[in-house]
Structures are given as structure tokens and as C-alpha cells.
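Summary of structural features
Each chain is listed here by its residues.
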Amino acid sequence: QLAVQAEVDATDPAGCWGDLAVSHKARHEIAGGTDSRADIDLAVQCLERAVGLADDDVAAAYWSNLGATLIDRYWLVGDTSDLDNAIEACGVAAEVGTQDPDLPAYLANLCLAGYRRVEAGGLSAAEIEARLDLSINAGQSAVTHRGSIHDHLTLASALLVAYEHRSDLASLSAAIDCTTAATCLDDEPADQRASAFHHLASALRQRFESSGHDPDLDASISAAQQAVALGGGVASTDAATLIALATSLNIRFELTGSGTDQEEATTLARAAVAADPEPDNQAALALILATRFERLGRRADLDEAVEIMSRLCRSASASHPRDLSNLGALLLDRYDVDADQADLDAAIEVLDEALRLIPENHVDRAGFLTNAANARSTLYELTGDPHTLDEWVDLAVTAAQVCPDGTIDQPAVLCSVSAAERAVPDDGGEHHHASHAHGVLAAGLRTRFEVTGDDSDLAAAVRHSRASVETSDPESHAYPARLTILGACLLTTYEVTGSVHLLDEAVTVGRQA
């Protein structure tokens, strides 16, 4: 009926096409999945007709709705041109709707389209910066004009994407400030406030992983617990919030060994996956199980974690570079248990694929490089192949070069030349930063010196092992291993040079370890 009316109504044709688009979107949302592709395509076509027919005083709303619908279609189809067109449509809405009371909504949609386009990938460095600036500026304007929880969280999401691509802790701190402000808007609905606390918990955890600021971890747990409380308890809270709380509790378990935190983290993660088995939730459960294996040695936990991550990585639609890197690390863990070279070969394959997929300037790239270096170190210990040794060192050199300034180490398994140097549990988090990268590099350089006798490798090994200790948190589980690598490098240098002061220093750091 709306379609017929749209063709014949001369008084408000744009309104008819807009109403028809709303109906198609509603049917799309009910059907869901690829079965609803025809309706989302028709909604886009209707809105394209509407913007061409609308009077100037209402055109902005149709442009913004067109942008929002294009974003919806991107999620269904994955065509980045929809995001490019959404940016254009939302930009027109913001430009022509400056006096419109819905301007903040237009700006929020523009912010969303901008940072989603960066996340989608395939942009040059200049294009990334342009999209980020556009997104953040639009988000800030939306907060200034209206300042709802939705506006604050959209801006915070843009700032978090900026942090990932710029390795800029200032962007991360700004995102935390933005979400903190959202949690203070007490007059908004409980579900919106719960969402604000959930986003705050995630951002605080991310800053803890990047800077090691201990109060952030406890604050993250507290914010996630508040989100669960506002959501009506575990049974009625959305899966993403349960995962946020579970992940922070898991990190605290890694640091303190608290069995209560571990049990609650596992229970929450399983509840989240049961409620919504989407890939991110499954990946979080896998990492929590991997942590429990590292701490408690339960082989079933490791096997389940590998199974989950393998299944995710086999799904072309769900696979993500971070999933591949995490799978590689898990396969290395299992190789350490079983010495099955098939696991080692598979780990190297998926870690190399993760490196190929992650952008050059991504904040996590140093961690991916370090994981790949770890795999090469293990292969070298198995084969003694000089080419593998060079690959190990080259990867570790690159990891040390790209580590973001001001970040801390979040080690997984420290690659080294002895069992003592390799037995390092995970400190929690997905970032493998400066201290870990320097340690991996020092171990590789020392090993290559022992093979080639190149004094420059030994000198560099001492330098990087010192950097590893100096940039490591003394409370970290990895700190003794950092000291052990430094001591080994100093001892080797003493054996070459006969400098007694190096031997004395090696004894000192060994005792400290």
C-alpha cells in the first residue's frame, strides 16, 4: 500500500518513500540475516528516492536515515562502499541540518560511519587520519549539542579506534573521560546507564593493559559489576557486559591467583557464550580457559581453548587477526606440552597470517611480531637452522622498533634459550609491548652470537636485556625471567671479555631473580 501511495501521492512523495523505507527496515530487522537482504536494499533505494524529492527543511532527516541504513547494510553484506556512501550521506545531513533539532543525531551517525570505515580497513595512512578526524570532530559536536549517553559512547568508540591506530594513550584517556561522563547522566534509562558502565569497564581495562596503572583494573571490575547490577543481574544482563566483567576478573586472577576471580570469570564467560555465541564472546572464553591452563595446568582447558579458537579461525566471516595470533600462542603452549611438531608448524602458519592481516600501524602489531618471534625461537631450538635464527631475530628487532611509547609488557610465553627463560606465565592482556619485545630480541641475539661469534650481536643482546628489565614492572610475573636473560647476557660477555664487573653484575641480577 505504501509503495502504491509513494508513486501517486503528489503532496508528500518524500514522506511516502521514507515511510516505505521504515517498513522495509522493520521487516529486515524481524527476518535478520542474509534472508532480509532484499528488504535492506529496498530501504536504501526508497531513501535515495526520498532525498531527491524532500523539501529543504526536511531533507537532512532523510539523508541521515539513508546513512544509517547504509551502515546497516554494511553489517549485513560487508561492502565498504556502503560505509563510504554513509559518510557522504551523514555529512550532507549535518551540513544542511544545522538548525534541525535532530542535528546531534546526524552528527552521531557521521561519527559512527567514520570510525567504522577505519575499522573496516583498506585505507591509506592519510585516509585513516582523515576519517578519524572527521569521526572525532562529529562526535565532539554531538556531545556539545546534546550530550546523551549515546552521544558520549559513540565519541568514546571513535577515540578508542584512534588509540588503536595511533598508539596514543591520550586518545584512550579521553575515551575514559567520555565514558565516565556518560555514567554520571543519572536521568537516562537504566539500560543506557548499564551500557555506559560496560564501556567504561572495557576502556579502563584497556588502559591497564597498556600502562599498567593498577587502580584501572579494580575500577574496571567495579564498573562492570555496576553494569551487571543495572542490567538486573547476570541472568538478564547482555553477553557483552558479562564478557567485560569476566575478562577483567581473569586478568586479576593472573596477577593475584585468586581462585574466586577465576571461577567467576569462567562462569560469566560461559553464561555469555550460552546467551550469545558470537565470535568475540567465544574468543574471550578461550583466553580465560588458556589462563586457567597456565595457572592450574588443566589440560582439558588448553584443548578446549584451542578448539574454540580453531573453529573461529576456520570461519572466514568471523576470523580476525587477533584470533589468529591467539590461536598461534595456544598452539605453542600445546607444543610445549606434547612436543607435536604439527602444532608448532600450525602455530607458525597462523601467526604469519595474523601478521599479514594486521595493519602496519596497529597498536597490537608489536605483540603479533613477538608471538611470531617466539614461534621461530621454538623452531630453531628444534632444528638448529641458521635461517630460522635470523628470522627470529629479525621479527624481534621489528617488534622492539614498533612498540608504542609508554606501554608496558604483557608477556605470554617469553622466548629464550633455556627452560628458565621460557617459563613465563601471561600477565594478562592482548598487548605484548616494550619489555617483552626487548627480552625476546635479547635472547635471539645472544643465541645468534653463540652460533656466529659476532660481537655486535652480544653487545646488542646486553643492551636489549637491560631495556627489558628497565621497562618491566618489578611486580610482573615475567620480571624474574627478564633478570635471568640479563644475567645470561652479562655472563656470556664476561666469558668473552674477562671483565669482572660484568660477572659481579651477573651474580647480582641472578640473586635478584
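**Some words on the environment of P359**
With respect to the helices and strands, P359 occurs in the loop between α17 (341–357) and α18 (365–383). Assessed through its relative accessible area of 33%, P359 is described here as partly exposed. Sequence-wise, P359 and H165 are 194 residues apart; in three dimensions their C-alpha atoms are separated by 8.4 Å.

**As for unusual backbone geometry**
Phi at S167 takes a positive value of approximately 50°, unusual for a residue other than glycine. Checked against the element boundaries, S167 lands in the loop between α8 (149–166) and α9 (169–183). Judged by relative accessible area, S167 falls into the partly exposed class, the value being 22%. A positive phi angle is found at A339, which is not glycine, with a value near 60°. Its location among the elements puts A339 in the loop between α16 (321–338) and α17.

**Some remarks on the state of the cysteines**
One pass over the structure, following the stated rule, counts zero disulfides. For the unlinked cysteine C46, the closest cysteine sulfur is that of C16, found at 11 Å. C178 takes part in no disulfide bond, and the closest cysteine sulfur, belonging to C111, lies 9.0 Å away. Assessed through its relative accessible area of 7%, C178 is described here as buried.

**Notes on α9**
With 15 residues, α9 should cover 21 Å at 1.5 Å per step; its first-to-last C-alpha distance of 21 Å lies within 8% of that length. Taken residue by residue, α9 has S171, L172, A175, I176, C178, T179, A182 and T183 as its buried positions. The buried side chains of α9 occupy one side of the element, clustering within an arc of 165° when seen end-on. Exposed and oriented more than 90 degrees from the buried face of α9 are A170 and D177. Here the buried face of α9 lies against α8 and α10 (190–211). Two or three places before A170, at the opening of α9, D168 has a side-chain oxygen 3.0 Å from that residue's backbone nitrogen.

**Comments concerning the pattern of salt bridges**
Summed over all chains, the structure comprises 29 salt bridges. Note that R166 and E129 form a salt bridge whose closest N and O atoms lie 2.9 Å from each other. Residue R166 is located in helix α8, and its partner E129 is located in helix α7 (residues 125–145); the two are separated by 37 residues in the primary sequence. For E129, a relative accessible area of 30% puts it in the partly exposed group. The partner of D303 in a salt bridge is R299, with the nearest N and O atoms 3.0 Å apart. With D303 and R299 both in helix α15 (residues 299–314), this residue pair falls four residues apart, about one helical turn. Overall, R299 belongs to the partly exposed group, its relative accessible area being 31%. Salt bridges here are not isolated pairs; linked through shared partners, they connect R299, D303, R334, D338 and D343.

Criteria and thresholds
Residues numbered from 1 in each chain as written. Predicted model: local features only at pLDDT ≥ 70, side-chain atom pairs only at ≥ 80, totals over all residues. Heavy atoms only, no water. Helix = DSSP H or I, 4+ residues; strand = E, 2+ residues; numbered from the N terminus. Buried < 20%, exposed > 50% of the residue type's maximum accessible area, 1.4 Å probe, protein only. Disulfide = S-S within 2.5 Å. Expected span 1.5 Å × (residues − 1). Arc of directions from axis to C-beta. Contact = heavy atoms within 4.5 Å. Polar contact = N/O pair within 3.5 Å; in protein donor to acceptor, adjacent residues only side chain to side chain. Salt bridge = Lys/Arg side-chain N within 4 Å of Asp/Glu carboxyl O.

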